[in-house]
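Inside the fold
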Amino acid sequence: MKHIGIVAPLIPEARCFTNSPVRKQAVSISDRLSLIVSGEGQVRASEATNTLLELGVDGLIVVGMAGALDPALSPGDLLIPEVIISESNQKYYCDKVWSSHIHEQIHNDSHNISIHPLYTSANVICKSEDKLKLHQQIQACAVDMESAAVMALAYQHKIPCMVIRTIIDPVNYAFPDYIFKLTDEFGEIPLTRLIPTVLLHPLELKKLYQLVIYYHQATLTLKKIANLMGKLTTTGH
């Protein structure tokens, strides 16, 4: 049986897998599953992955949400990419056995599932035109900010790794301007800051409402994936 380390960049993502996520500290969610909340970005993801490796994990999974680059993808759609593309155009191939196993377990569900490439960016891609341009340039279906860093360490340590993401923002959605200013590196927004900001920007209320709906759809998908995690510890290669 494998001891699998799960990297969830943000606290809201991690809550789909455990009731008590802790920033930058690995927590056990079962006998053979450990989860760590890395924080946003590749540097933090690398640090968190190294923490898991020091615990002796022999497999890695990145979980969380991603932004759509492909106009065909909608919030809640599931991504089980075959390949991760870094900003330097390095390609990392996800473990086929694990990816196939998850795909088989959930394919009868109502989810749209994409296996197309996922791109890891150093920056948040917000504008629709930038998303479409990136999609055309590299043929990736979605974008995140951590997966390539985790894959690189998995390659270095010669252990299996896969990425499971769900879409939160579709191509034609633009986040409220204030969201990224209020959100910390672990994806949390204090209500004491959010409420007065919303009141100051009433024209952005529709966008915020849309985001709440998209977030709900994405978390429902992640929670379904969480129920399948334990089976991977016994899936052979």
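Residues numbered from 1 in each chain as written. Predicted model: local features only at pLDDT ≥ 70, side-chain atom pairs only at ≥ 80, totals over all residues. Heavy atoms only, no water.

**Thoughts on the overall build of the protein chain**
Looking only at helices and strands, the protein chain has nine helices and eleven strands in total. For the protein chain, whose C-alpha radius of gyration is 17 Å, the value lies close to the compact-globule estimate of 18 Å for 237 residues. In the protein chain, buried positions account for 53% of the 237 residues. Considering only contacts in the protein chain between residues 6 or more positions apart, those separated by 24 or more positions represent 78%. For the protein chain, the accessible surface area stands at approximately 11300 Å², while carbon and sulfur atoms represent 53% of it. Averaged over its 20 positive side-chain charges, the protein chain has a centre that lies 1 Å from the centre of its 23 negative ones. (Helix = DSSP H or I, 4+ residues; strand = E, 2+ residues; numbered from the N terminus. Rg over C-alpha atoms; globule rule 2.2 N^0.38 Å. Buried < 20%, exposed > 50% of the residue type's maximum accessible area, 1.4 Å probe, protein only. Contact = heavy atoms within 4.5 Å. Areas by Shrake-Rupley, 256 points an atom, 1.4 Å probe, with all protein chains shown as cover. Lys, Arg positive; Asp, Glu negative; His and termini not counted. Charge placed at Lys NZ, Arg CZ, Asp CG, Glu CD.)

**Examining the packing of aromatic side chains**
Here the structure, examined in full by the defined rule, presents four aromatic pairs. With a centroid separation of 5.2 Å and an interplanar angle of 85°, the aromatic rings of tyrosine 173 and tyrosine 214 are classed as edge-to-face. In this pair, tyrosine 173 sits in the loop between strand E11 (161–169) and helix H6 (179–182) while tyrosine 214 sits in helix H8 (residues 205–226), placing the two residues 41 residues apart along the sequence. Look at tyrosine 173 and you get buried, because its relative accessible area is 3%. A relative accessible area of 16% places tyrosine 214 in the buried class. Taken together, the ring pairs in this structure connect Tyr173, Phe175, Phe180 and Tyr214 into an aromatic cluster. (Phe/Tyr/Trp six-rings, centres within 6.5 Å; stacked < 30°, edge-to-face > 60°.)

**A word on a nonpolar patch on the surface**
Judged by side-chain polarity, Leu191, Ile195 and Leu199 come together as a nonpolar surface patch covering roughly 340 Å² of accessible area. With respect to the element layout, isoleucine 195 can be found in helix H7 (residues 191–200). Its relative accessible area of 48% is what places isoleucine 195 among the partly exposed residues. (Patch = residues over 30% accessible without salt bridge, like charges linked within 9 Å, V, L, I, M, F, W, Y side chains within 5 Å. Salt bridge = Lys/Arg side-chain N within 4 Å of Asp/Glu carboxyl O.)

**So, the environment of alanine 48**
By the element assignment, alanine 48 lies in helix H2 (residues 42–54). Exposure remark for alanine 48: the relative accessible area of 5% places this residue in the buried category. Between the C-alpha atom of alanine 48 and that of valine 37, which follows or precedes it by eleven residues, the distance is 7.3 Å. Those residues in contact with alanine 48 that lie beyond four places of it in its chain are Ile36 and Ser38.

**Re the nonpolar core**
Grouped together as the largest cluster of nonpolar side chains are 69 residues, with contacts concentrated most on Leu60, Ile164, Ile225 and Met229. Sort the elements by how many residues they give to this core and strand E4 (residues 59–68) lands first, with seven residues. Aside from chain neighbours lying at most four places away, what touches methionine 229 is Ile6, Phe17, Leu33, Ile61, Val63 and Ile164. In this structure, Leu69, Tyr119, Ile125 and Ala140 belong to the second largest nonpolar core, which totals seven residues. (Core = buried A, V, L, I, M, F, W, Y, C linked by side-chain atoms within 4.5 Å.)

**Some thoughts on the pairing of strand E3 (residues 33–37)**
Across the five residues that make up E3, a large majority, five, are buried. Burial along E3 is two-sided: the residues Leu33, Leu35 and Val37 and Ser34 and Ile36 are all buried. In the sheet, strand E1 (residues 4–8) pairs with E3 via five bridges, with the strands oriented parallel. Following the sheet pairing, glycine 5 is matched in E3 by serine 34. Bridge count for strand E2 (residues 27–30) against E3 is three bridges, and the pairing is antiparallel. When the bridges of E3 are listed, serine 30 appears paired with leucine 33. Hairpin geometry of E2 and E3 is characterised by an intervening segment of two residues between the two adjacent antiparallel strands. (Pairing = 2+ DSSP bridges.)

**Thoughts on the pattern of salt bridges**
Throughout the structure, instances matching the rule amount to eight salt bridges. Across the pair arginine 165 and glutamate 13 runs a salt bridge, and its minimum N-O distance is 3.8 Å. Placement of arginine 165 in strand E11 and of glutamate 13 in helix H1 (residues 11–14) is noted, with a sequence separation of 152 residues between them. An identical accessibility class is assigned to arginine 165 and glutamate 13; each is buried. With a closest N to O distance of 2.9 Å, aspartate 169 and lysine 131 form a salt bridge. One end of the pair, aspartate 169, is in strand E11; the other, lysine 131, is in helix H4 (residues 128–138), with 38 residues separating them in the sequence. The exposure class of aspartate 169 is buried, given its relative accessible area of 4%. A cluster of three or more residues bridged by salt bridges with shared partners is formed by Glu13, Asp144, Glu146 and Arg165.

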